[in-house]
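Close look at the chain arrangement
Read off the chains here:
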Amino acid sequence: MTLENINARNILIIHGPNLNLLGVREPNIYGNVTLQDINRNLYKAAEDAGVKLDVFQSNAEAELIQRVHESMSDGTDFIIINPAAYTHTSVALRDALAAVGLPFVEVHLSNVFSRESFRQKSYFSDLAVGVISGLGAQGYELALMYAVKTR
């Protein structure tokens, strides 16, 4: 699939484990912005761009995989995913994304390359159309802008 063939009218945002704790979890790394703040900004940006946005967060790998599977038949055109800790551990979530074949951008709030060595390996990056790392909450907004521009 070439990027010219993407018509991203329906975008799915997937937030992985522990992202529900943003704002209180290690603010020195992840900042003070909450997940609700991020989602509110994304919904506003999607509305302004005229696209439909669905947002999903889970701490459970099986629920994340199930949501990816559902994207095959629910009209999703593009996925923006922050796999969080599953970035470095979940072959199963990687396989789900590969199986559905939808284009996706991988987002990380922190700069994973300036952190522990185990965080520098991603099971998703080679499948992603792009990776945004280290730009905080703005990374999600940039990924959304990208998805919208590929319409």
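Residues numbered from 1 in each chain as written. Predicted model: local features only at pLDDT ≥ 70, side-chain atom pairs only at ≥ 80, totals over all residues. Heavy atoms only, no water.

Under an unreviewed UniProt entry, the name given to the chain is 3-dehydroquinate dehydratase, and the source organism is Nitrosomonas cryotolerans ATCC 49181. Comment text from UniProt for the chain, heading Subunit (unreviewed entry), reads "Homododecamer." The chain has a UniProt comment under Pathway (unreviewed entry) that states "Metabolic intermediate biosynthesis; chorismate biosynthesis; chorismate from D-erythrose 4-phosphate and phosphoenolpyruvate: step 3/7." (UniProt positions renumbered as here; feature names shortened; annotations may be inferred.)

The next point concerns the overall build of the chain. Of regular secondary structure, the chain possesses five helices and five strands. Across the chain, helices and strands are ordered from the amino to the carboxyl terminus as β-α-α-β-α-β-α-β-β-α. For 151 residues, the compact-globule estimate of 2.2 N^0.38 gives 15 Å, and the C-alpha radius of gyration of the chain, at 14 Å, lies within 12% of that figure. Based on the C-alpha atoms only, the size of the chain along its principal axes is roughly 40 × 35 × 25 Å. Split into buried and exposed, the 151 residues of the chain put 44% on the buried side. Put simply, 77% of the contacts in the chain that link residues at least 6 apart link residues at least 24 apart. Total accessible area on the chain stands at roughly 7,400 Å², and carbon and sulfur atoms take up 51% of it. In the chain, 12 positive and 16 negative side-chain charges are present, and the distance between their average locations comes to 3 Å. (Helix = DSSP H or I, 4+ residues; strand = E, 2+ residues; numbered from the N terminus. Rg over C-alpha atoms; globule rule 2.2 N^0.38 Å. Buried < 20%, exposed > 50% of the residue type's maximum accessible area, 1.4 Å probe, protein only. Contact = heavy atoms within 4.5 Å. Areas by Shrake-Rupley, 256 points an atom, 1.4 Å probe, with all protein chains shown as cover. Lys, Arg positive; Asp, Glu negative; His and termini not counted. Charge placed at Lys NZ, Arg CZ, Asp CG, Glu CD.)

The UniProt record marks Asn-82, His-88, Asp-95, Leu-109, Ser-110 and Arg-119 with the feature "binding site: substrate" (unreviewed entry), using the residue numbering of this structure. Its location among the elements puts Asp-95 in helix H4 (residues 91-100). For Leu-109, the location among the structural elements is in the loop between strand S4 (104-108) and strand S5 (130-133). Under the relative-accessibility criterion, Leu-109 is labelled buried at 8%. If we ignore the near neighbours within four places in the chain, the residues touching Leu-109 are Leu-19, Leu-22, Tyr-30, Ile-38, Asn-82, Gly-134, Leu-135, Gly-136, Ala-137 and Tyr-140.

The next subject is the packing of aromatic side chains. Between two aromatic rings, the relevant description is the distance of the centres plus the angle of the planes. Counted according to the given criterion, the structure contains one aromatic pair. Each ring, one from Phe-78 and one from Tyr-146, has its centre 6.2 Å from the other, and the planes form 55 degrees; the classification is tilted. Of this pair, Phe-78 sits in strand S3 (residues 78-82) while Tyr-146 is found in helix H5 (residues 138-149), placing the two residues 68 residues apart along the sequence. Under the relative-accessibility criterion, Phe-78 is labelled buried at 0%. (Phe/Tyr/Trp six-rings, centres within 6.5 Å; stacked < 30°, edge-to-face > 60°.)

Taking 1.5 Å per residue, 15 residues should reach 21 Å; helix H2 (residues 35-49) reaches 21 Å between its end C-alpha atoms and fits that length. Of the residues making up H2, those classed as buried are Leu-35, Ile-38, Asn-39, Leu-42 and Ala-46. Mapping the buried residues of H2 onto a view down its axis gives an arc of 95 degrees, with all of them on the same face. Turned more than 90 degrees off the buried face of H2, the exposed positions are Glu-47 and Asp-48. Buried residues along H2 sit against strand S1 (10-15), strand S2 (52-57) and H5. A positive phi of about 75 degrees marks Gly-50, the residue just after H2. (Expected span 1.5 Å × (residues − 1). Arc of directions from axis to C-beta.)

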